[in-house]
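# Report on the structure
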Amino acid sequence: ATKWLPEFNMKDPWVSKEVMVRDLLCHRLGMMTFQGDFMFFDTKLSSLQILDKFGRLTPKHSFRTTWGYTNAAFMAAGMIVGRASKSSWEEQLRSKLFQPLGMTRSLALSAEIEGASNKAFAHSIMDGKLVKIPYGKLDNIAPAGSISSSANDMSKWVSMQLNNGKLDGKTIVPAAA
């Protein structure tokens, strides 16, 4: 991982050196599920600042011994995708998945939701009144949860997954992947 993202440092220097993208995506860094994640949501921290703060956390488990869902690890993997492609994670998502699948109602970044039409909002009861809950601002940790989509677009994604990476006879994702 440090080949593409030298800023990625875990508290243990050995782990920093040994961690692979697969470790990031398989949630096996030794963190507890959501450890540190909620200090990143809806903040003005940059992705690099989040990466730095994440690396200062002390994992609760040994490296590669325990599964623990970690949003910041997905953010790091997305940053690696951007650097390796000399693009960005969101551009790769749009060009490699959304466009070929015809997912015209899917957005990569939470900032794009404001300008979208036909969107749904979460609601809750506060002080006895039904109120709209604003969308979270997640673009600083985008690969971990900023995508929004429609049921129709998601059906295209699922159909492709169920057909070994193909949609309408066209390979979108190689079956081996």
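All of these numbers come straight from a predicted model, not from anything done at the bench. Along each chain, the written sequence defines residue order, and numbers are assigned to residues from 1. The model is predicted, so local features are restricted to residues of pLDDT at least 70 and side-chain atom pairs to those at 80 or more, both for listing and for counting; the totals for chains, interfaces and linings are taken over all residues. With hydrogens and water set aside, each side-chain value is computed from the structure's full complement of heavy atoms.

### Looking at the overall build of the protein chain
- Starting at the N terminus, helices and strands are each numbered in turn, a helix being any DSSP run of H or I of at least four residues and a strand any DSSP run of E of at least two. Summing up its helical and strand segments, the protein chain has 6 helices and 4 strands in all.
- Put simply, the protein chain runs from its N terminus to its C terminus through helices and strands in the order α-α-α-α-α-β-β-α-β-β.
- Here the C-alpha coordinates of the protein chain stretch approximately 55 × 45 × 30 Å along the principal axes.
- Within the protein chain, the proportion of its 177 residues that are buried is 33%.
- It only takes one pair of heavy atoms within 4.5 Å for two residues to be counted as in contact. In the protein chain, the proportion of contacts linking residues at least 24 apart, taken out of those at least 6 apart, comes to 65%. Burial status follows relative accessibility: with a 1.4 Å probe on protein chains alone, a residue under 20% of its type maximum counts as buried, one over 50% as exposed, and anything between as partly exposed.

### Re the environment of K137
- Here K137 lies in the loop between β2 (129–133) and α6 (151–162).
- Its relative accessible area of 61% is what places K137 among the exposed residues.
- Each C-alpha atom, one on K137 and one on T43, is 7.5 Å from the other, the two residues being 94 residues apart in sequence.

### Observations concerning unusual backbone geometry
- Positive phi, normally seen in glycine, also occurs at N118, with a value near 55 degrees.
- Tracing the sequence through the fold places N118 in the loop between α5 (89–101) and β1 (122–126).
- A relative accessible area of 73% places N118 in the exposed class.
- Phi is positive for N164, close to 55 degrees, though the residue is something other than glycine.

### A short note on the packing of aromatic side chains
- Any Phe, Tyr or Trp ring, taking Trp's six-membered ring, that has another such ring centre within 6.5 Å forms a pair; planes under 30 degrees apart are called stacked, those over 60 apart edge-to-face, and the others tilted. The full count for this structure, using the stated rule, is 4 aromatic pairs.
- When the centroid spacing of 5.6 Å and the interplanar angle of 65 degrees are considered together, the rings of F34 and Y69 count as edge-to-face. A residue pair is termed long-range when its members are at least 10 positions apart, and F34 in the loop between α2 (21–25) and α3 (47–55) and Y69 in the loop between α3 and α4 (71–85) qualify at 35 residues.
- For F34, a relative accessible area of 37% corresponds to the partly exposed category.
- Taken together, a centroid distance of 6.5 Å and an interplanar angle of 55 degrees make the contact between W67 and Y69 tilted.
- You can call W67 exposed: its relative accessible area is 53%.
- According to the relative accessible area criterion, Y69 is partly exposed, its value standing at 24%.
- Of the aromatic side chains, those joined through ring pairs into one cluster are F34, W67 and Y69.
- Over a ring means this: the NZ of a Lys or the CZ of an Arg is within 6 Å of the ring centre and within 35 degrees of the ring normal. The side chain of K132 reaches across the aromatic face of F121, ending 4.2 Å from its centre.

### Observations concerning the pattern of salt bridges
- The rule for a salt bridge is simple: a side-chain nitrogen of Lys or Arg has to be within 4 Å of a carboxyl oxygen of Asp or Glu. Scanning the entire structure with this criterion turns up 7 salt bridges.
- Two residues, K17 and E18, come together in a salt bridge whose shortest N-O distance is 3.3 Å.
- A relative accessible area of 62% means that K17 is categorised as exposed.

### Things to note about the packing of α3 against α4
- Packing of α3 against α4 leaves a shortest axis separation of 10 Å and a crossing angle of 130 degrees. By the criterion of interaxial angle, the relationship of α3 to α4 is oblique. As α3 runs across α4, the sense of the crossing is left-handed. Counted together, S47, L48, I50, L51 and F54 of α3 and A72, M75, A76, M79 and R83 of α4 form the full contact between these two elements.
- By the convention adopted, Pro, Cys, Tyr, Trp, Phe, Met, Ile, Leu, Val and Ala count as nonpolar, Lys, Arg, Asp and Glu as charged, and the other residues, Gly among them, as polar. Looking at the contact of α3 with α4, its residues break down into 8 nonpolar, 1 polar and 1 charged. Every axis in this analysis is a line fitted to C-alpha atoms, fitted for helices over the stretch in contact. Angles between the N-to-C directions lie between 0 and 180 degrees. Reported orientations rely on four angle classes, namely roughly parallel under 35 degrees, roughly antiparallel over 145, roughly perpendicular from 65 to 115, and oblique for the rest. Note on convention: the crossing is left-handed when the near helix lies turned anticlockwise from the far helix by less than a right angle, right-handed when the turn is clockwise.

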